[in-house]
Each structure stands twice: as structure tokens, then as C-alpha cells.
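In case you want the letters, here they are:
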Amino acid sequence: MNSTEQLLSINNLHTGFRIKDTYFDAVDGVSISLKRNEILAIVGESGCGKSTLATSIIGLHDHNKTRVEGEIIYKGINLAKLDEEKFNKVRGEEIGMIFQDPLSALNPLMRIGHQIEEGLAFHTKMTKEQRDKRVLELLTQVGISNPARIAKQFPHQLSGGMRQRVIIAIAISCKPNIIIADEPTTALDVTIQAQILDLLKDLQAETGAGIVLITHDLGVVAEVADRVAVMYAGQIIEEATVEGLFTNPLHPYTRSLFNSIPQMNSENEKLQVIQGIVPSLINLPRTGCRFSTRIPWISEGMHEENPTMHEVSPGHLVRCTCWQHFHFESEEGGITR
Amino acid sequence: MSFMQINDLKVYYPIRGGFFNTVVDQVTAVDGVTLEFEKGKAYGLVGESGCGKSTTGKSIIGLEKITSGSIIYEGQNVTHNRRGRGSSYNRDIQMIFQDANSSLNPRKRVQDIIAEPIRNFLKLSPDEEKRKINELLAIVGMNEDAKLKYPHEFSGGQKQRIGIARAIACNPKLIIADEPVSALDLSVQAQVLNFMKDIQQEFGLSYLFISHDLGVVKHMCDHISIMYKGRFVESGSRKDIYTNPQHIYTKRLLSAIPDVNPIGREERKKERIEVEANYAANHKNYYDETGKVYDLKKLSTTHFVAMSAHEKGGI
């Protein structure tokens, strides 16, 4: 098992939603790859397309309303073009998913053990006894101390942290090569969040899976990720190693985001505010630098006409050239609209 | 000088059951909370979900029944008169809710939403009312044409600002902000926090800031109380809590916050596990046999920690 083996490579992916016979791309030309043993974090604010990217990878879109174009190459197969029947073999067995809200991801009428067993019954040839044994193993693996009792319980009898552990157990039940975690800790308290993140990291070290971690919390990214991609308005605008991004953020959007965190070591300072709002999918200008409207003090000429990703240093990619000229508007007049 | 004191506030919910649906047990949501509010200061209430922090806020403003304890507002006992029209309490204490979306009536226009407290408490002529609404919208940085729109036409940050405009309409003395930014994105959150700080300075407001986000609380609050199972485990100035935490629960909470710095994360993980082990080992020094938090003990003029009688401070 080679540690730098490329697991997944996404090339120029477009995922569009249909509104009155027109498709609007929520994911607009995303290219990224995932290696074995790596946690790739995708960061962005709500509506930037990060969850759409995740659901595109695992094929959870309604094909009548969505258009997925481009390549999602996994083991030589293009998942974007795979039909539903074949996808069922991939989903769960090759790619596992951890959802944000553990309560709505679990069936309230099924016992925990049965829900974990479901994937095993579908994807493996295990006998009932083997499956039961595996369920207990999995529950132990995700740090549940009395698996036999929990397996017989229903979701509502568990706490939020326990439910998220069960979701993780389901996701790893068939030993997938890729785990997609869509905001796995957003619904949890900080102490539980720390436990779940540590658990994810430990599990990854054990299984060597690649994890795509979708989050909006830069603190979580700093704690667990190896590589980070920052998304804005459907595009990746910066990609770097976690150290690279946090010590040397380049794109104006990334820099603004960092300045708007109420940091633990800052007091009484004004937080950086990004002017304007995220453009909606329908009104999004599809040409030019998409961030330009929110940094109007940077003149037009500083942006590229068709921004592309530039490799600034090995492994550190930035979209558009505006970062070279960017400075914060020093006098921010209070509240911006 | 504090203008408002809360003494030994308790909120219990009865659990009914048995033959005649009698009260068989009770949930101690808030169990003896004492707070004082000074003008222009921000107070933080931090804890995990279910610790009773929201119930505390709601009972102060009068949305929950108080089991025992008292609220003294400007020398008057208002415990049983919180929603009464007679006192100014009702007008001077306002609230900002967590979910801006569900706290605004979807069938009312923005101008009617903001005007509601004005119509209730201030006798203004229609012209004056209009001027006041425009003024409030300007304070929260919104256009005048927003007046005629409905809540669904705004983004999350804007809705939260409408909620704030409504809260400050009658020049309140204390605003209870129950997780005002936890539903917002980072850049919008910054906007709302900056803005809350601005109006605090401008109007000399006090805040009771309820949040689970210790970063936000540290940014906003002068005085912070950590809550666990309805009781305060530690209470102190910002400096006391962040640089000199005494209670193991506070230490555990602080160690669990992700740091926005990837360097040294392995050490932080080790430290976290250590604190967690320490928490399990020293549990009985900080909680009595029933798992209840001890009463607060004074460490310094600002710093209070809940510890057993045998512990002699400074661990």
C-alpha cells in the first residue's frame, strides 16, 4: 500500500441545478485530488458549493434536477458517468459518508445494530453471526464502551456524540478507501467535537483511508487536516498544505476570513468584515474574478480576465492574480451593507 | 454599581407521571444562579448544550417560570412582575434570539416588526414612529427601502440585524443575546459582533451573552461564567478564566477548543487527553456524590470557583 497513491482525482467538475430549464453550476470547474492516508479539508461559507461537491462524489444527486459533468476518477472509473446500479456497489463499500446531523441520518425505527449491519449485508457475503460480531467490533472501534447494549438500542436513546459515533461506524463498516465527512462535528459540543475529531484521525491512521472533510470551521481544519482547499462561489480559490495555508494565506478571501475569526488571543479589536454578500447562484458572474465585487478598492486591472490557478510555491495554488496586489482597506467605515 | 441583581435563581421542571399524573420528580434546569449586571459591561454565559444557559436567559426576561430566587431591578423586586406592564423592566430588558429566521414574524413587514416594541412602550405619533424606524434601520446599517420588505427577503446576517434593531428600539439597559451568531457564517458573524460592540459603546448597553463558542465570548465579554448542569462551576473576569482556569471542567472546555494554528496540534492532542484523564481522576474533588457542582468559593475579588470544602484553592 503506497502512501502517496492517488485515490481520487476530480477534473473540471461541474454540478448544476436546474431552475426553470436552465442549469446553474453550484460547483463550477473544480479540480482536486485525494491521496491515500490524507485528510483533505474543503472550507467555505454556506452556499459556496462544498456540500454539493461532496454529494457529487458519492452520487447522491437527483438526476432529473441535477447535471454532473466532468471527471471523478476512482480506480479508473468515472463516477460522474456511472449508472445508479453500479454506483450502489461503490457507495458504502468504496466510499463512505458521515453526515452532519446524526439524528436525521439514522432511521428512528431501526435498532443501531441493524442499521450498521445493513451495509454489511448488502456489500459483503458475511453470515448473520459474522455480521453481528463485526457490528460489535465496529462499535468498540468508535469508542463505545458497551457495544452489546448500544446495538440493541434505538437512535433516540443515544446522545448526540454517541449517534455521531454510530454514523462513523456505519461509514467505516465496509472499510472504504474514501470517507467523506460533511460537517461531522458542527452539531456537537466542543468537548465532543474534540473527541470525534481525534477518533476520525485515529481511525484514518488505522485504515489508511483518504478523508474529505467538509467544514466551515477553520479551527477544525487546523486541528486535523493535511491539505486544505478554500472554496468561494463554486470554485476553489486556494489550495495548500495546512501549514502553508495557515502561515501564509494568499488569496484575498482567505486572508479576510482569517481576519474575521474572533481569535482566542485577540481582545477588543475590530473584526474584519468582508463587504457585500456571497452572490447567489443565479446572479453569479461567470467570467472574471468572482471575489472582485467584494474588494472594490482593488482596481479592475489587478484581476485576471479568466482567473486560473497559479502555483505560487510547490503545492500552494491560488486563483487569479489579485492576491499580489491585495491590501486590506485600512479605513473600514464601521458596518458595511 | 450594578443596576440589576439575580439572587439564587432556580428553575425546575416537574416530571409528571404515576397514577394521578402527580409530580414524581423534577429536572433542575437552573439551580442557584447568582449574577449582577453593571452598566456597559458584557457578561458571558458559557456551557455545553443542556447546561441551562438558555433557560437562565429566558427566565430573566420572563419567558420561563422561576421556581425560586429573586430578580432585583433598580432596587425593586420584579421576580413576579417581569411581564407586567407597570414596571419599566419589561421595556429595559430585551432579547436577541439565536435563530433570526424564526424570531421574526414572516407575515409582518420589517417596519411593523421593528415598530412593535415602539408601539407597546413609547407613545409616538405616526410621523415620529416613522422617523424612529428609519433611525433604527440606519443604526443597523440597512437601507430605508428595507422597511416594506418581508423577513424572507433578507439574508441571515440581515435578519439578525433586524432582530437587533427590534431589541434596541426602546433604548434597553440590558440585552440578553442567546447565541446571536451561532447560525451565521464567519464573515457575517464578524459583522454582527462588530456591530453589537459599536452599539454597546454608543448606548452604554449591558449584554448577557449566551454562547457555546468560547472564542466569541472572549471577544465580547468582560466577565464570564461557565455553567454545568444548571450551576456555575467558575465565574470570573476574562483574564481569570482564560489565563488562570481553576475548575477541571473549565480546563477541559478550554482544551477542547480547536486552535486556528496547525503548528503544535499533536502536543495539543496530548494535552487534551491528559486533561481528560485528569478530569476523570479528580472528579470527586469538584462534584459531590450526586454529581452536583459545589457552591462557588471566592478566590479573588472577581474570581469564583466551585470546589469542595476540603480543597484549599490553587491546584
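Residues numbered from 1 in each chain as written. Chains lettered and ligands numbered in written order. Predicted model: local features only at pLDDT ≥ 70, side-chain atom pairs only at ≥ 80, totals over all residues. Heavy atoms only, no water.

**Q** Got a sec to walk through the packing of helix 8 (residues 190–207) of chain A against helix 11 (residues 265–281) of chain B? Specific residues and values, please.
**A** The N-to-C vectors of helix 8 of chain A and helix 11 of chain B enclose an angle of 120°; their axes lie 12 Å apart at closest approach. By the angle between their axes, helix 8 of chain A is oblique relative to helix 11 of chain B. When the axes of helix 8 of chain A and helix 11 of chain B are compared, the crossing they make is left-handed. Judged by residue contacts, Ala194, Gln195, Asp198, Lys201 and Asp202 of chain A of helix 8 of chain A engage Arg265, Lys269, Arg272 and Glu276 of chain B from helix 11 of chain B. Of the residues assigned to the contact of helix 8 of chain A with helix 11 of chain B, the class counts are 1 nonpolar, 1 polar and 7 charged. (Axes fitted to C-alpha atoms, helices over the stretch in contact; angles between N-to-C directions. Helix = DSSP H or I, 4+ residues; strand = E, 2+ residues; numbered from the N terminus. Parallel < 35°, antiparallel > 145°, perpendicular 65-115°, else oblique. Left-handed = near helix turned anticlockwise from the far one by under 90°. Contact = heavy atoms within 4.5 Å. Nonpolar A, V, L, I, M, F, W, Y, C, P; charged D, E, K, R; others polar.)

**Q** Would you mind going over the nonpolar core in detail, with residue names and values included?
**A** Residues Leu218 and Phe246 of chain A are the most contacted members of the largest nonpolar core, which totals 64 residues. The element contributing the most residues to this core is helix 7 (residues 160–172) of chain A, with 6 residues. Split by domain, this core shows at least three residues from each of two domains, domain 1 (108–175) and domain 2 (251–324) of chain A. For Leu218 of chain A, the contacting residues outside a window of four places in its chain are Val43, Phe246, Leu257, Phe258 and Ile261 of chain A together with Leu186 and Val260 of chain B. (Core = buried A, V, L, I, M, F, W, Y, C linked by side-chain atoms within 4.5 Å. Buried < 20%, exposed > 50% of the residue type's maximum accessible area, 1.4 Å probe, protein only. Domains from an automatic or database assignment.)

**Q** Which residues make up the interface of chain A and chain B, and what are the values?
**A** Facing the 46 residues of chain A at the interface are 41 residues of chain B. Contact between chain A and chain B buries roughly 3900 Å² in total, counting both sides, with carbon and sulfur atoms accounting for 54%. Across the contact surface, chain A and chain B share 5 salt bridges. Taking the shortest distance from any N to any O, the salt bridge between Glu223 of chain A and Arg268 of chain B comes out at 3.0 Å. (Buried area = accessible area lost by both parts, 1.4 Å probe. Salt bridge = Lys/Arg side-chain N within 4 Å of Asp/Glu carboxyl O.)

**Q** Residue-level account of the side chain of Asp25 of chain A, with values.
**A** Residue and element names in this part refer to chain A. Residue position: Asp25 is located in strand 2 (residues 22–35). Reaching out from Asp25, the side chain makes a polar contact with the side chain of His14 at a distance of 3.0 Å. Among the polar contacts made by the side chain of Asp25, one reaches the side chain of Arg67 at a distance of 3.3 Å. The residues touching Asp25, leaving out its near neighbours within four places in the chain, are His14, Thr15, Gly16, Arg67, Leu281 and Arg286. (Polar contact = N/O pair within 3.5 Å; in protein donor to acceptor, adjacent residues only side chain to side chain.)

**Q** Mind laying out helix 6 (residues 156–167) of chain B, listing which residues take part and the relevant values?
**A** Residues and elements named next belong to chain B. With 12 residues, helix 6 ought to run about 16 Å at 1.5 Å a step, and its terminal C-alpha atoms sit 17 Å apart, in line with that. A large share of helix 6 lies buried, amounting to 10 of its 12 residues. Residues Gly157, Lys159, Gln160, Arg161, Ile162, Gly163, Ile164, Ala165, Arg166 and Ala167 constitute the buried set of helix 6. Next to the buried residues of helix 6 lie strand 6 (93–96), helix 3 (100–103), helix 4 (110–121), helix 5 (126–139), strand 7 (174–178) and helix 7 (186–203). (Expected span 1.5 Å × (residues − 1).)

**Q** Tell me what's going on with a nonpolar patch on the surface, and back it up with residues and numbers.
**A** Residues and elements named next belong to chain B. A cluster of nonpolar side chains, namely Tyr13, Ile15, Val24 and Val27, defines an oily patch on the protein surface of about 310 Å² accessible area. Elements that contribute at least two residues to the nonpolar patch include exactly strand 1 (2–17) and strand 2 (22–38). Among the structural elements, Val24 can be located in strand 2. For Val24, a relative accessible area of 51% puts it in the exposed group. (Patch = residues over 30% accessible without salt bridge, like charges linked within 9 Å, V, L, I, M, F, W, Y side chains within 5 Å. Areas by Shrake-Rupley, 256 points an atom, 1.4 Å probe, with all protein chains shown as cover.)

**Q** Tell me about the domain arrangement of chain A, and please be specific about residues and values.
**A** Structurally, chain A comprises domain 1 (108–175) and domain 2 (251–324). When each unit is reduced to the centre of its C-alpha atoms, the spacing between domain 1 of chain A and domain 2 of chain A is 43 Å.

**Q** Please provide a residue-by-residue account of the packing of aromatic side chains, values included.
**A** Residues and elements named next belong to chain B. A complete count under the given rule lists 13 aromatic pairs over all chains for this structure. Ring geometry for Phe3 and Tyr73: centres 6.2 Å apart, planes at 85°, overall edge-to-face. Residue Phe3 is located in strand 1, and its partner Tyr73 is located in strand 4 (residues 68–73); the two are separated by 70 residues in the primary sequence. Comparing Phe3 with Tyr73 shows no difference in burial state: the two are buried. (Phe/Tyr/Trp six-rings, centres within 6.5 Å; stacked < 30°, edge-to-face > 60°.)

**Q** Can you lay out the sheet that holds strand 2 of chain B for me, pointing to particular residues and giving the numbers?
**A** All names here are of chain B. Read across the open sheet, the 4 strands follow the order 2-1-4-5; overall the sheet is antiparallel. The open sheet terminates on both sides in strands that have one partner only, identified here as strand 2 and strand 5 (76–77). In the sheet, strand 4 pairs with strand 5 via 2 bridges, with the strands oriented antiparallel. Across the sheet, Tyr73 pairs through a bridge with Gln76, a residue of strand 5. Strands strand 1, strand 2 and strand 4 of the sheet are contacted by helix 1 (residues 53–61), whose axis makes an angle of about 110° with strand 1. (Pairing = 2+ DSSP bridges.)

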